Amino acid sequence: MQENAQATKNSNMTKWMTLIIVAIAGGLITKLPYLRETYMTPLQAATGATKTQLGILMSAYGIVNFICYFPGGVLADKISSKKLIIFSCFGTAAAGLWYWTMPGFVWLVVIHAIFAITTVFTFWAAMVKSINSLGGPEE
């Protein structure tokens, strides 16, 4: 009886830790594509981009998001959520490091397309699937 209670306690702890980690990852992974909204003037000065060009970056991000949204669900059904979330975090971090070097405008568009792939195509559906699998029918 005590072993069963301990197993339930460990299971609940694992569920909460998974929820916390995925929530933190979800909160952090989406910050990089939206830097423009918080740091418009400094970002404009650092990249030498016009406001229109910074808007184009967000348009590229949005268009690729739109294209990747539904296929991301199919991908999450075929590949482990854990693997997709890990790939997404590392992929976004790598693109963020590239962004940090402040490459030219065309490369910034590519970086925002990569952000869309790593935050929507490989992350979003995997996050939803991961959270959904934590609870049973009664939860």
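Everything in this summary refers to the structure shown in the same document.

About the criteria used
- Residues numbered from 1 in each chain as written.
- Predicted model: local features only at pLDDT ≥ 70, side-chain atom pairs only at ≥ 80, totals over all residues.
- Heavy atoms only, no water.
- Helix = DSSP H or I, 4+ residues; strand = E, 2+ residues; numbered from the N terminus.
- Rg over C-alpha atoms; globule rule 2.2 N^0.38 Å.
- Buried < 20%, exposed > 50% of the residue type's maximum accessible area, 1.4 Å probe, protein only.
- Contact = heavy atoms within 4.5 Å.
- Areas by Shrake-Rupley, 256 points an atom, 1.4 Å probe, with all protein chains shown as cover.
- Core = buried A, V, L, I, M, F, W, Y, C linked by side-chain atoms within 4.5 Å.
- Polar contact = N/O pair within 3.5 Å; in protein donor to acceptor, adjacent residues only side chain to side chain.

**A look at the overall build of the protein chain**
On a plain count of helices and strands, the protein chain comes out with 6 helices and 0 strands. Taking 139 residues into account, the globule formula puts the C-alpha radius of gyration at 14 Å, and the protein chain, at 18 Å, lies well above it. Every one of the 139 residues in the protein chain was classed for burial, and the buried ones make up 31%. Counting only contacts in the protein chain whose residues sit at least 6 apart along the sequence, the fraction spanning at least 24 positions is 76%. Accessible surface, the protein chain as shown: approximately 8,900 Å² in total, 69% of it carbon and sulfur.

**Section: the nonpolar core**
In terms of nonpolar packing, the biggest core is built from 14 residues, with Leu54, Tyr61, Tyr99, Leu108, Ile111 and Phe115 touching the most fellow members. Sorting elements by how many residues they give to this core places helix H4 (residues 51-78) first, with 6 residues. Setting aside residues up to four positions removed in sequence, Leu54 forms contacts with Arg36, Met40, Leu43, Gln44, Thr47 and Ala49. Of all hydrophobic cores here, the second largest spans 11 residues; its members include Ile29, Ala76, Phe123 and Ala126.

**Notes on the environment of Thr122**
Its location among the elements puts Thr122 in helix H6 (residues 105-132). Judged by its relative accessible area of 4%, Thr122 is buried. In this structure, the C-alpha to C-alpha distance between Thr122 and Ala23, residues 99 residues apart in sequence, is 15 Å. When near neighbours in sequence (up to four residues on either side) are disregarded, Thr122 contacts Leu75, Leu84, Ile85, Phe87, Ser88 and Ile117. Among the polar contacts made by the side chain of Thr122, one reaches the side chain of Ser88 at a distance of 2.6 Å. Here Thr118 takes part through its backbone oxygen, which lies 3.3 Å from a polar atom of the side chain of Thr122.

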